[in-house]
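Tertiary structure, described
Given next are the chains, with one letter for each unit.
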Amino acid sequence: MKSATPRATAAAFVLAVFALAGCSNAALATNTSTNPWPQPARPVVVAIGDSIMKGHGLNAAQAWPDLLAVENHWNLTNLACDGAGFGTAGDPNDCGTNFSGLVQQAVALHPSVILISGSSNDLGVDNDALNVDTDTVAQNLRAALPTATIVGISTVWNDTETPSQMGDINQQVSTAVLSVNGTFLDIGQPLAGHRAWLQDDDVHPTPQGQVQLAKVIAKAIRQAKLSL
């Protein structure tokens, strides 16, 4: 048998190098597909509010905080409670407490963002007492969560004329939230004049009404230049 010529040996070596390179590239491609780059952690968001924020009468996923969570990739826990307010205890079959009683639950979740809304359930509560309750919630949240973004949201009413005390409630929420370096969003009354966006009780939004609230609140967040 004749021995291989130097030219043939060199050619074989080159082919072997290309073959190894191909294997290496294939392995790299496999590693890339099975081990993608780590995704950034989703913001942990807690919502505190009443039955409107909770999506009373609807599937939980239809409530406006949940709609925004899907849009913004939040890791959301919605603690909103039927009947609750800053000074008013919620339904005993739900939370059975006012917003102050939800602070500990919120803090335990270690949120980076807290959404907290004024509530029409506080209509009729003495303004001085309500002011103390509202300020206490904001102060306790900030003390336990010094770096969290706290966002206060004005109270949602139905399609009829807004009660005069609603202005006091909103002012108290604004003052309390701003005093702890939070942000207050005055969203007006998105449901005013739109009876079709409310359920038969003329209080709680329909799915379409919740979508409208989500749109208005998302716009307010953008205008406030909040990065959530």
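Here the structure is a predicted model, which means the values were calculated and not measured.

Focus on the packing of helix α5 (residues 127-144) against helix α6 (residues 165-178)
Axis angle and axis distance: for two packed helices, these are the angle between their axes and the distance between the axes, and together they describe the pair. Between α5 and α6, the least distance of the axes is 9 Å, while the angle of their chain directions is 30°. The angle between α5 and α6 falls in the class roughly parallel. Where α5 crosses over α6, the handedness of that crossing is right-handed. For the pair α5 and α6, contact is made by N127, L130, N131, T134, D135 and A138 and by Q165, D168, I169, Q172, V173, A176 and V177, respectively. Class assignment of the residues belonging to the contact of α5 with α6 gives a composition of 6 nonpolar, 5 polar and 2 charged.

Quick look at the environment of W197
With respect to the helices and strands, the residue W197 is situated in the loop between β5 (183-185) and α7 (207-223). Residues W197 and Q208, spaced 11 residues apart in sequence, show a C-alpha to C-alpha distance of 5.9 Å. Those residues in contact with W197, other than ones at most four positions away along the chain, are P190, L191, P205, T206, Q208, G209 and Q212.

Some details on the pairing of strand β4 (residues 149-153)
Burial of β4 is extensive: 4 of the 5 residues sit out of reach of the surface. Bridge count between strand β3 (residues 113-117) and β4: 5 bridges; the pairing is parallel. Across the sheet, residue I116 finds its bridge partner in β4, namely G152. Read as a crossover between parallel neighbours, the route from β3 over α5 to β4 is right-handed. Here β4 pairs with β5 via 3 bridges, running parallel.

Quick look at α7
Residues separated by three or four positions in an α-helix point in the same direction, a consequence of the helix having 3.6 residues per turn. Relative to the 24 Å expected for 17 residues at 1.5 Å per residue, α7 spans 24 Å between its end C-alpha atoms, a close match to the ideal helical length. For α7, every residue scored as buried is listed here: G209, Q210, Q212, L213, A214, I217, A218, A220 and I221. Remark: K225 follows α7 within two positions and exhibits a positive phi of approximately 60°.

Here's the deal with the pattern of salt bridges
Evaluated as defined, the whole model comprises 2 salt bridges. Between K54 and D94 there is a salt bridge, with the nearest N and O atoms lying 2.6 Å from each other. Placement of the pair is K54 in helix α2 (residues 51-54) and D94 in the loop between β2 (75-78) and α4 (103-108), with a sequence separation of 40 residues.

Cut-offs applied
Residues numbered from 1 in each chain as written. Predicted model: local features only at pLDDT ≥ 70, side-chain atom pairs only at ≥ 80, totals over all residues. Heavy atoms only, no water. Axes fitted to C-alpha atoms, helices over the stretch in contact; angles between N-to-C directions. Helix = DSSP H or I, 4+ residues; strand = E, 2+ residues; numbered from the N terminus. Parallel < 35°, antiparallel > 145°, perpendicular 65-115°, else oblique. Left-handed = near helix turned anticlockwise from the far one by under 90°. Contact = heavy atoms within 4.5 Å. Nonpolar A, V, L, I, M, F, W, Y, C, P; charged D, E, K, R; others polar. Buried < 20%, exposed > 50% of the residue type's maximum accessible area, 1.4 Å probe, protein only. Pairing = 2+ DSSP bridges. Right-handed = clockwise from strand over helix to strand, strands pointing away. Expected span 1.5 Å × (residues − 1). Salt bridge = Lys/Arg side-chain N within 4 Å of Asp/Glu carboxyl O.

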